[in-house]
Amino acid sequence: MLSRLKLIDFRCYGSFSWQIPQQGAVILGNNAQGKTSLLEAVCFLLRLQSPRTARPGPLAAHGRQSFGIRGELPGQIRRILWAPDAPDLQVNGEPRRDQRSYLADSYPVVWMGNDDLSLVRAGADARRKYMDFLGTQWHPGYRTALFSYRRALKTRNHLLKHKSRDRLQIDAYTRQLALYGTELRSLRASLLELLLPHIIMAYRRIGGREEQVGAAYRAAEEGDLYERMCAGLDRDIRYGQTQNGPHRDDLEITLNGRSAAQFASEGQQRTIAISLKLAQSSLLTEETGHTPIHLIDDVFGELDPTRRIAFLQALPADAQSLITTTHLDWLHNTPCPLPAFQLENSTLRPVQS
Ligand SMILES: Nc1ncnc2c1ncn2[C@@H]1O[C@H](COP(=O)(O)OP(=O)(O)OP(=O)(O)O)[C@@H](O)[C@H]1O
């Protein structure tokens, strides 16, 4: 549980400090008051990742180069001073030499946002990100395979784009790519095997129906990855891009055996999207021994009362949940045990009930 959060020059926050209730809070505020930024800061503190940006640069307040986040958790105080060339990561005052060692004993996080529907409706990229955010919290080897794969892919694509004739050099990266790519695929497949029962259970809980949700990992091509990459080399040089590999794989989601993107109703798609996230939560609890911190950004306004109540009841009783919303109308017909805070111009104050 995160008990105190401090921010310096993070997004719209110049200097900010908040004693967070143990069970979490509902954060109420009009648009552009800093609700998402607050959840984003917690996510970055714990996972060094933001759901809104791939690079940390935009997290620094306008006109600043660097930002700071500090958070108190049971037995650990985490502190990030992020400067573009030299990020300073500390736990309990001890510097951590790299991101991997900073993350090794961090807490798990589940992020739920109002664009989660894209997990069902949009392209494969959203579903790969979903798997990767979970995978890197599930298994240290996942992060190594993913990051090594991304690095090798970037270099191979660079060589392809610049029409390098040095096929030996391309081949060296093809070998690396195939090695890490095969490892990543195998980790994703194992992850999905563990995850699927949690998705099915969460769907039944929220949807309350007998419909059968399914999820299957689909590799973009079959056979040995290195051989497929070698066979496609001329085409890759023509496109200036690697066309085979796990960066093109997908997580196929079905309802009653049919594509959920094409055939599920909007309500069913929303239930699937929430179930995918609740499944992350129960899997991470099982695998890490810690209940994740739930960061729930502007989700409730979109749900009908039945799903809203089922969703709130499905959140683990011992989880710390930070829920943002632009209006509290839904609270009138939804019993919510969390204290509410009003956020205005980056300042929080408790809402008297
Ligand atoms: N790097 C930055 N520096 C300063 N301000 C920023 C930065 N990035 C975003 N902002 C501004 O911070 C404000 C708060 O944004 P945020 O997305 O947190 O608001 P929000 O309360 O979640 O809004 P909404 O309800 O519309 O989603 C916005 O005015 C945004 O333009």
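Just so you know, the residues in each chain are numbered from 1, in the order the chain's sequence is written. Where local features are concerned, this predicted model is filtered to residues with pLDDT of at least 70; where side-chain atom pairs are given and counted, the filter is 80 or more; whole-chain, interface and lining totals use all residues. Side-chain numbers come from the whole structure's heavy atoms, not from hydrogens or water.

S.K.: Lay out the sheet that holds strand β9 (residues 213–218) in plain terms, naming residues and giving numbers.
M.R.: A sheet is described by the order of its strands in space; here three strands give the open sequence β9-β10-β11, paired in antiparallel fashion. Each of the sheet's edge strands pairs with one partner strand only, and the pair in question is β9 and β11 (258–259). In this sheet, β11 lies alongside strand β10 (residues 250–255) in antiparallel orientation, the contact comprising two bridges. Bridging from a neighbouring strand, Thr254 pairs with Ser259 of β11. We call two residues in contact when some of their heavy atoms are within 4.5 Å. Note on geometry: axes are lines fitted to C-alpha atoms, helical ones only across the stretch in contact, with angles between N-to-C directions running from 0 to 180 degrees. Helix and strand labels come from DSSP, where a helix needs a run of H or I of at least four residues and a strand needs a run of E of at least two; each type is numbered from the N terminus. Where helix α4 (residues 124–138) meets the sheet, its contacts fall on β9 and β10, and the angle it forms with β10 comes to roughly 100 degrees. Between any two strands, at least two bridges found by DSSP are needed for them to pair.

S.K.: Summarise empty space enclosed by the protein; cite the residues concerned and give the values.
M.R.: Here a cavity denotes a set of grid points, spaced 1 Å apart and computed over the protein atoms alone, in which a 1.4 Å probe fits but from which it cannot get out, and a pocket denotes an open set meeting protein on both sides within 12 Å along at least five of seven lines; residues with an atom within 4 Å of a point are reported as lining. Grid points are joined across faces, edges and corners, and a volume is the space filled by probe spheres set on the points. According to the stated counting rule, one finds one cavity of 30 Å³ or more in the structure shown. Lining the largest cavity are 13 residues, with Gly113, Asp116, Arg270, Ile274 and Val299 sitting closest to its centre. For the lining of the largest cavity, the secondary-structure elements that each account for two or more residues are β8 (109–113) and α10 (266–288). In terms of residue count, the dominant contributor to the lining of the largest cavity is α10 (four residues). Its residues assigned to classes, the lining of the largest cavity shows seven nonpolar, two polar and four charged. Note: domain ranges come from an automatic or database domain assignment. Counting contributing residues, the lining of the largest cavity receives three or more from each of domain 1 (1–107 + 300–353) and domain 2 (114–289). Side-chain classes follow a simple rule in which Ala, Val, Leu, Ile, Met, Phe, Trp, Tyr, Cys and Pro form the nonpolar group, Asp, Glu, Lys and Arg form the charged group, and the remainder, Gly included, forms the polar group.

S.K.: Break down the nonpolar core for me, with residues and values.
M.R.: Ile272, Leu278 and Phe311 are the most contacted members of the largest nonpolar core, which totals 61 residues. Lining this core are residues from two domains, each supplying at least three of them: domain 1 (1–107 + 300–353) and domain 2 (114–289). With residues up to four places along the chain from it excluded, the contact list for Ile272 reads Val120, Tyr203, Val213, Ile253, Leu255 and Ala260. One finds Leu39, Phe44, Leu45 and Phe341 within the second-largest nonpolar core, a separate group that totals 40 residues. In this text, buried Ala, Val, Leu, Ile, Met, Phe, Trp, Tyr and Cys residues form a nonpolar core when linked through side-chain atoms within 4.5 Å. For the exposure calls, accessible area comes from a 1.4 Å probe over protein chains only, and a residue counts as buried if that area is under 20% of its type's maximum, exposed if over 50%, partly exposed in between.

S.K.: Tell me about the site of the ligand, residues and numbers included.
M.R.: Not every one of the 16 residues close to the ligand is listed here, only the nearest: Ala32, Lys35, Thr36, Ser37 and Arg52. Polar contact is the term for a pair of N or O atoms within 3.5 Å; when the atoms are in protein, one must be able to donate a hydrogen and the other to accept it, and sequence-neighboring residues count only if both atoms are side-chain atoms. Backbone polar atom of Ala32 to an oxygen atom of the ligand: 2.8 Å apart, as the coordinates give it. A distance of 2.9 Å separates a nitrogen atom of the ligand from a polar atom in the backbone of Ala60. Surface burial for the ligand is 73%, taken as the share of its 660 Å² of free accessible area covered by protein chains. Looking at the shell around the ligand residue by residue, the class counts come to five nonpolar, eight polar and three charged. The criterion for a residue being near a molecule or strand is simple. One of its heavy atoms has to lie within 4 Å of it. Note on areas: these come from Shrake-Rupley sampling with a 1.4 Å probe, and a residue is covered only by the protein chains present in the view.

S.K.: If you had to explain the domain arrangement of the protein chain to someone new, which residues and values would you point to?
M.R.: Domain parsing of the protein chain yields domain 1 (1–107 + 300–353) and domain 2 (114–289). A separation of 27 Å is found between the C-alpha centroids of domain 1 and domain 2. With 16 residues of domain 1 at the contact, the number on the domain 2 side is 16 residues. By salt bridge we mean one thing: a side-chain nitrogen of Lys or Arg within 4 Å of a carboxyl oxygen of Asp or Glu. One can count zero salt bridges joining domain 1 with domain 2. Here domain 1 is connected to domain 2 by five residue pairs in polar contact (both at pLDDT 80 or more). With five residues, the top contributor of residues to the side of domain 1 that touches domain 2 is helix α11 (residues 305–314).

S.K.: Go over the environment of Pro56 with me, naming the residues and quoting the values.
M.R.: By the element assignment, Pro56 lies in the loop between α1 (35–47) and β4 (67–73). Taking relative accessible area as the criterion, Pro56 reaches 18% and is therefore assigned buried. Through-space distance from the C-alpha of Pro56 to that of Trp82 is 8.3 Å; in sequence the pair is 26 residues apart. Discounting chain neighbours no more than four positions away, the residues touching Pro56 are Phe44, Phe67 and Trp82.

S.K.: Hey, could you go over the pairing of β10 for me, with residue numbers and the actual values?
M.R.: Here β9 runs beside β10; their pairing, made up of six bridges, is antiparallel. Residue pairing across strands places Gly214 opposite Thr254, the latter belonging to β10. Where β10 folds back on β11, the antiparallel hairpin that results is connected by two residues, among which Asn256 adopts a positive phi of roughly 50 degrees.

S.K.: Tell me what's going on with the pairing of strand β6 (residues 88–91), and back it up with residues and numbers.
M.R.: Regular strands show a simple pattern: their side chains alternate between the two faces of the sheet. Here strand β5 (residues 76–82) pairs with β6 via four bridges, running antiparallel. For Arg78, the partnering residue across the bridge sits in β6 and is Val91. Hairpin connection, β5 to β6: the antiparallel pair is bridged by five residues. Where β6 lies against strand β7 (residues 94–95), two bridges are found, and the strand directions are antiparallel.

S.K.: Describe the UniProt feature "binding site: ATP" (unreviewed entry) in the protein chain, listing the residues and the values that go with them.
M.R.: Using the residue numbers shown here, the UniProt feature "binding site: ATP" (unreviewed entry) corresponds to Gly29, Asn30, Asn31, Ala32, Gln33, Gly34, Lys35 and Thr36. Of note, Asn30 is situated in the loop between β3 (24–28) and α1. According to the relative accessible area criterion, Asn30 is exposed, its value standing at 52%. For Ala32, the position within the fold is in the loop between β3 and α1. UniProt positions are given in the numbering used here, feature names are shortened, and annotations may be inferred rather than shown by experiment.

S.K.: Residues and numbers for the packing of α4 against α10, please.
M.R.: Running from N to C, α4 and α10 point in directions that differ by 10 degrees, and their axes come no closer than 10 Å. Of the possible angle classes, the one that applies to α4 and α10 is roughly parallel. The crossing of α4 and α10 is right-handed. Contacts between α4 and α10 involve Tyr130, Leu134, Gln137 and Trp138 from the former and Leu276, Lys277, Gln280, Leu283, Leu284, Glu287 and Thr288 from the latter. Taken together, the residues of the contact of α4 with α10 sort by class into six nonpolar, three polar and two charged. Note on terminology: angles under 35 degrees are roughly parallel, angles over 145 are roughly antiparallel, angles of 65 to 115 are roughly perpendicular, and the others are oblique. Rotating anticlockwise by less than a right angle from the far helix to the near helix defines a left-handed crossing, while the corresponding clockwise rotation defines a right-handed one.

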